[in-house]
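Structural overview
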Amino acid sequence: MTHMHVAGSIHADATSAAPVWLRKPDDANRLADGLWSSTATRADDGCLRIGGLTADELVRQCGSPVYVMDEVDFRDRARTWRDAFEAWSVYYAGKSFLCADVARWIDSEGLCLDVSSHGELVVALRAGFDPARIALHGNNKSDEVLRLALTRGVGRIVVDSADEIGRLERLTTELGVRAQVLIRVTTGVEAHTHEYIATAHEDQKFGFSISGGQALVAMVRCYGSPTIDLRGIHSHIGSQIFDTNGFEVAARRTLRLMSQFKEATRVTLPELDLGGGFGIAYTTDDTPAPVDELARDLEGIVDHECRAFGLERPHLSVEPGRTISGPSGTALYTVGTTKYVEVGGGQTRRYISVDGGMSDNIRPALYAAEYSAVLANRASDAPVELSRVVGLHCEGGDILVRNVFLPGDVAPGDLLAVPASGAYSRSMASNYNYTPRPAVVSVRGGKVSTLIRRETLDDLLALDGGLSGE
């Protein structure tokens with residue numbers, strides 16, 4: 001979002017019409033193609049149905065707000081990645097959304113798993129995930145998490161700093177084990193995405209710079225260590241990326257680095273991880289590439305660059321997260337209030353307030369992410385109105401859906417559904433304003449299972465030292 005306004009960016013288009021990409025729907029009851037999980041349909045009465053259950057049934061059983069994960073859709077997407085990248089290692093990016101059952105789904109579909117924190121690693125291990133198929137990320141790993149990874153035999157540790165190399169050398173010597181590592185490098189690729197989710201430009205916290213020479217120094221250091229087994233290079237250029245252009249540049253630069261390493265050591269590194277960041281459709285304006293097309297393009301890019309540098313093709317890895325969990329998840333909210341606000345120029349905007357907000361989905365406030373929404377508990381033949389769906393928090397930027405056409409008769413008590421909410425929503429949730437985080441449930445064949453139970457006020461108050469003894 002590039003709007004500018006003296007009162008802040010959320011007010012920048014207050015007197016303008018809907019964004020160019022947003023089209024008024026011919027039928028507000030139709031589910032837009034490409035935004036919903038595979039089992040999402042409209043029931044005969046107009047109610048949204050997911051996994052065989054209607055939205056009102058789900059809210060009656062599970063409360064509101066609630067995140068609904070379509071298990072069939074999630075598993076299908078995982079298999080699609082596994083099959084399209086058959087000769088690759090496919091690591092599900094657990095940071096997009098992880099819990100014990102999701103780890104088991106990923107395991108049963110034959111994917112590997114990457115984790116980026118102590119907590120994510122513990123969830124994976126307690127869920128019974130094979131540690132040899134786990135990769136551990138993080139720019140500031142503690143001794144505690146490194147010790148756990150080393151003692152449990154985590155398959156790949158993605159090294160992010162010279163300090164971490166030193167800690168690994170000390171811990172591996174102490175424990176009498178070897179660390180299997182990839183060096184995370186900064187390729188200098190400017191991914192066409194928001195600044196906060198672009199991770200391969202030079203001025204940011206991740207990885208070793210290729211252009212500055214730090215990456216090659218780190219690789220040589222790990223190669224010379226008696227307790228570190230350098231397996232290869234890791235690259236990640238950002239998130240919500242729709243094409244492979246940035247990956248082409250990243251592959252060229254990482255493979256050139258591999259070639260330089262080979263010249264210095266006479267050793268060909270056996271692995272290259274190109275990371276993830278593949279985008280999904282949040283709105284009808286988004287056009288992600290099909291997975292088989294991504295696989296074909298990435299295969300061609302790597303083969304071409306390997307020929308150019310005279311390298312044998314390394315074993316390749318990729319890390320989809322959002323593309324599996326995102327479209328599989330739908331957020332359900334209950335409308336609490338509606339109001340019309342004068343915005344100048346004779347125009348008004350309708351604000352629809354729901355019982356969630358930035359505490360369960362920070363993405364719109366954090367980096368202006370766009371979403372869609374539909375009336376979920378009934379059909380409507382009322383004319384549509386340009387609306388803004390907002391949360392209950394004490395922040396003007398507490399916006400869930402910035403612009404959407406919804407029926408003019410949406411009223412308190414109605415349910416709204418936000419598609420493509422499975423990734424980076426509940427996983428980034430907070431307790432802002434002492435708000436308990438919503439439940440996450442899975443649906444399949446008309447049955448509901450709890451993935452993460454709803455928090456209660458008692459859960460939050462139990463953490464308060466001034467109240468915990470009461």
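Conventions we followed
Residues numbered from 1 in each chain as written. Predicted model: local features only at pLDDT ≥ 70, side-chain atom pairs only at ≥ 80, totals over all residues. Heavy atoms only, no water. Helix = DSSP H or I, 4+ residues; strand = E, 2+ residues; numbered from the N terminus. Buried < 20%, exposed > 50% of the residue type's maximum accessible area, 1.4 Å probe, protein only. Polar contact = N/O pair within 3.5 Å; in protein donor to acceptor, adjacent residues only side chain to side chain. Contact = heavy atoms within 4.5 Å. Patch = residues over 30% accessible without salt bridge, like charges linked within 9 Å, V, L, I, M, F, W, Y side chains within 5 Å. Areas by Shrake-Rupley, 256 points an atom, 1.4 Å probe, with all protein chains shown as cover. Salt bridge = Lys/Arg side-chain N within 4 Å of Asp/Glu carboxyl O. Axes fitted to C-alpha atoms, helices over the stretch in contact; angles between N-to-C directions. Parallel < 35°, antiparallel > 145°, perpendicular 65-115°, else oblique. Left-handed = near helix turned anticlockwise from the far one by under 90°. Nonpolar A, V, L, I, M, F, W, Y, C, P; charged D, E, K, R; others polar. Phe/Tyr/Trp six-rings, centres within 6.5 Å; stacked < 30°, edge-to-face > 60°. Lys NZ or Arg CZ within 6 Å of the ring centre and 35° of its normal.

Okay, the side chain of serine 380 next. Locating serine 380 in the fold gives a position in the loop between strand S16 (374-375) and strand S17 (384-390). Exposure remark for serine 380: the relative accessible area of 9% places this residue in the buried category. Reaching out from serine 380, the side chain makes a polar contact with the backbone nitrogen of alanine 382 at a distance of 3.1 Å. Aside from chain neighbours lying at most four places away, what touches serine 380 is Asn29, Leu375, Pro407 and Asp409.

On to a nonpolar patch on the surface. Nonpolar side chains collect at one region of the surface, where Tyr434, Leu457, Leu461 and Leu467 lie side by side and expose about 350 Å² of accessible area between them. Positionally, leucine 461 belongs in helix H12 (residues 457-461).

Moving on to the packing of helix H2 (residues 71-84) against helix H3 (residues 100-108). Here H2 crosses H3 at 45 degrees, and the two axes come no closer than 9 Å. For the element pair H2 / H3, the angle class is oblique. Considering only the axes of H2 and H3, their crossing is right-handed. Of the residues in H3, those touching H2 at Glu71, Phe74, Arg75 and Ala78 are Val102, Trp105, Ile106 and Ser108. Its residues placed into classes, the contact of H2 with H3 shows 5 nonpolar, 1 polar and 2 charged.

Turning our eyes to something else, we now look at the packing of aromatic side chains. Taken as a whole and judged by the stated rule, the model has 8 aromatic pairs. Ring centres 5.2 Å apart and planes at 10 degrees place the aromatic pair tryptophan 81 and phenylalanine 85 in the stacked group. In terms of burial, tryptophan 81 and phenylalanine 85 fall into one category: buried. Judged by centre distance (5.6 Å) and plane angle (90 degrees), the ring pair of tyrosine 223 and phenylalanine 261 falls under edge-to-face. Residue tyrosine 223 is found in helix H7 (residues 214-224), and its partner phenylalanine 261 is found in helix H8 (residues 245-265); the two are separated by 38 residues along the sequence. The exposure class assigned to phenylalanine 261 is buried, which follows from its relative accessible area of 0%. Pairwise contacts between aromatic rings join Trp81, Phe85, Trp88, Phe247 and Phe278 into one cluster. Above the plane of the ring of phenylalanine 206 lies arginine 184, whose end atom (NZ or CZ) is 4.4 Å from the centre.

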